[in-house]
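Here is how the chains run, residue by residue.
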Amino acid sequence: MENMFTITNITLFIALFGVCLSTAKVLFDYSKNIRKLKVQINFGFLTDTDVIASKMGISIVAMNVGYRDVTLNSMGYILPDKKYLTSIPQRNLKSNVKFPCTLSEGKECTVWEPQKNLATDLKDNGYSGKIKLIGYYGSAVGKTYKSKPVDFDIDNALARTE
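For every chain, the first residue of the written sequence is number 1, and numbering continues from 1 onward in sequence order. Since the coordinates come from a predicted model, pLDDT governs what is reported: local features require at least 70, and pairs of side-chain atoms require 80 or more to be given and counted, while whole-chain, interface and lining totals use all residues. The basis for every side-chain value is the complete set of heavy atoms in the structure, and neither hydrogens nor water enter the calculation.

Chemist: If you had to explain the pairing of strand E7 (residues 108-114) to someone new, which residues and values would you point to?
Modeler: Among the seven residues that make up E7, five are buried, leaving the element largely enclosed by the rest of the structure. Relative to E7, strand E5 (residues 94-95) is paired through two bridges, and the arrangement is antiparallel. Directly across from Ser 95, in E7, lies its bridge partner Val 111. Relative accessibility thresholds used throughout: buried, under 20% of the residue-type maximum; exposed, over 50%; partly exposed, between the two (1.4 Å probe, protein chains only). Counting from the N terminus, the helices are the DSSP runs of H or I reaching at least four residues and the strands are the DSSP runs of E reaching at least two. At least two bridges found by DSSP between two strands is the condition for calling them paired.

So this is what it looks like as structure tokens:
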């Protein structure tokens, strides 16, 4: 046991500790410079103050969980065959922001629509039954941020009376 606490071993331990500490600092500094966006698809009720009844809705939320601003210029869904259903003015989506929008650290934006509208668009493009949808937001620098896949039942959404 006495042989472990030599001046060489103590110096080696201090050197290794310094290497670990400096590596951790480099990784932390690198992660602070990366743009990070978390994307989620949510299901819920849409309410309109002019209408007493509420509709089943679907929304795509983007949350800036990084330290740098992210400018978003597009959003939509990635379909099972890797085609994109992009937000266009004719789809009449609602949002709490106007595109392009810049999300600073800790901010979020949400785009929503009735599930029936999305189901109609999908049906018009040849989809039916249950499909996996992935929500996405596109940034001004060309990066695409994606959500986890969720199941969406087109026929069930179309059959609902709202």
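There is more to say after this.
Chemist: Hey, could you go over the state of the cysteines for me, with residue numbers and the actual values?
Modeler: Pairs of cysteine sulfur atoms within 2.5 Å are identified as disulfides in what follows. Tallying each qualifying case throughout the model produces zero disulfides. The thiol of Cys 109 is not disulfide-bonded; the next cysteine sulfur, from Cys 101, is found 4.4 Å away. A relative accessible area of 0% places Cys 109 in the buried class.

Chemist: If you had to explain the environment of Asp 151 to someone new, which residues and values would you point to?
Modeler: Structurally, Asp 151 can be placed in strand E10 (residues 150-153). The exposure class of Asp 151 is partly exposed, given its relative accessible area of 47%. In sequence terms Asp 151 and Leu 133 are 18 residues apart; their C-alpha atoms lie 6.3 Å from each other.

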